[in-house]
Amino acid sequence: MQSSADDVSGVNADDLVRRQRAELQNAYLRGVHRLRWNADRLAAERQRRLRELLLWAAERSPFWRARLAGRDLTTFTEADLPSLPVLTRAEMMKEFDRLVTVPELTLARVSEHVEHLDADRYLDGKYRAIKTSGATGTEALHVYGWEAFITFVMQGSRWTGRRGE
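Being a predicted model, the structure only gives us computed values, none of them experimental.

What follows covers the overall build of the protein chain. Counting secondary structure elements, the protein chain contains 7 helices and 2 strands. Counting from the amino terminus, the protein chain carries its helices and strands in the arrangement α-α-α-α-α-α-β-β-α. Counting every position in the protein chain, which comprises 165 residues, the buried fraction comes to 30%. In the structure as shown, the protein chain presents an accessible area of about 10900 Å², 54% of it carried by carbon and sulfur atoms.

In structure tokens, the structure reads:
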């Protein structure tokens, strides 16, 4: 199975959608295997992924580099999460260009992409962008890389599955 790291620039949008749906099916199967993990293994995986996420953000985003400065991210734990300030939607949108980990994904570019969507399309053949409704008072743009979008869909599936849908 090809991964998100593969070049998709020459692939048409419908093929990308089909490919991502196939990867989602594989992600469901991997998720089923994790249902058998014990609590210690789940906690270890959460810890590993938390540190991986924080290190990635601090290396690639000026906003997160500043926000996480002075913390040892190699030893950061879930118990340390309350020490971080909450990122509000308003702050996220104000700091968008400094916050993203891909510098070419500016607020202007992502906004233009979302405003001109007429179907399920990818930005640069790699990114999914969505705009929230602003029901809480602030509209927000969210951009997902290939694997992150799969994770996003899987998280939604988890909650609908718990409701029996």
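All right, on to helix α2 (residues 39-60) then. Think of an α-helix as 3.6 residues a turn; residues three or four steps apart then line up on the same face. Taking 1.5 Å of rise per residue, the 22 residues of α2 would be expected to cover 32 Å, and the 32 Å separating its terminal C-alpha atoms lies within 8% of that figure. When α2 is considered as a whole, its buried residues turn out to be Q47, L50, L54, A57 and A58. Looking straight down α2, one finds its buried side chains confined to an arc of 105°; they lie on one side. Every exposed residue of α2 that faces more than 90 degrees away from the buried side is listed here: L53 and E59. Next to the buried residues of α2 lie α3 (62-67). Near the N-terminus of α2, the side chain that reaches the backbone nitrogen of D40, with its oxygen 3.1 Å away, is that of N38.

Tallying each qualifying case throughout the model produces 1 aromatic pair. Judged by centre distance (5.0 Å) and plane angle (90°), the rings of F63 and W64 are edge-to-face. When its relative accessible area of 6% is taken as the criterion, F63 is described as buried. Sitting over the face of the ring of W56, R60 holds its NZ or CZ atom 3.3 Å from the ring centroid. If you follow R128 out to its NZ or CZ, it ends over the ring of Y122, 4.7 Å from the centre.

All right, on to the side chain of Q47 then. Among the secondary structure elements, Q47 is positioned in helix α2. Given the relative accessible area of 15%, Q47 is considered buried. In contact with Q47, other than residues within four places in its own chain, are F76, T77 and E78.

Of all hydrophobic cores here, the largest spans 24 residues; its most connected members are L68 and V110. Sorting the residues of this core by element identifies α2, α3, α4 (89-94), α5 (96-99) and α6 (107-115) as the ones contributing at least two each. A per-element tally of this core places α2 first, with 4 residues. Residues contacting V110, with those up to four places away along its chain left out, are F96, L105, L123, A129, L141 and V143.

Okay, unusual backbone geometry next. Located in the positive-phi region is D124, a residue other than glycine, with phi close to 60°. The topology assignment puts D124 in the loop between α6 and β1 (128-131).

What follows concerns the environment of P103. On the secondary structure map, P103 appears in the loop between α5 and α6. Residue P103 is classed as exposed on the basis of its relative accessible area of 60%. Separated by 42 residues in sequence, P103 and S61 have C-alpha atoms that sit 8.1 Å apart.

What counts, and at which threshold
- Residues numbered from 1 in each chain as written.
- Predicted model: local features only at pLDDT ≥ 70, side-chain atom pairs only at ≥ 80, totals over all residues.
- Heavy atoms only, no water.
- Helix = DSSP H or I, 4+ residues; strand = E, 2+ residues; numbered from the N terminus.
- Buried < 20%, exposed > 50% of the residue type's maximum accessible area, 1.4 Å probe, protein only.
- Areas by Shrake-Rupley, 256 points an atom, 1.4 Å probe, with all protein chains shown as cover.
- Expected span 1.5 Å × (residues − 1).
- Arc of directions from axis to C-beta.
- Contact = heavy atoms within 4.5 Å.
- Polar contact = N/O pair within 3.5 Å; in protein donor to acceptor, adjacent residues only side chain to side chain.
- Phe/Tyr/Trp six-rings, centres within 6.5 Å; stacked < 30°, edge-to-face > 60°.
- Lys NZ or Arg CZ within 6 Å of the ring centre and 35° of its normal.
- Core = buried A, V, L, I, M, F, W, Y, C linked by side-chain atoms within 4.5 Å.

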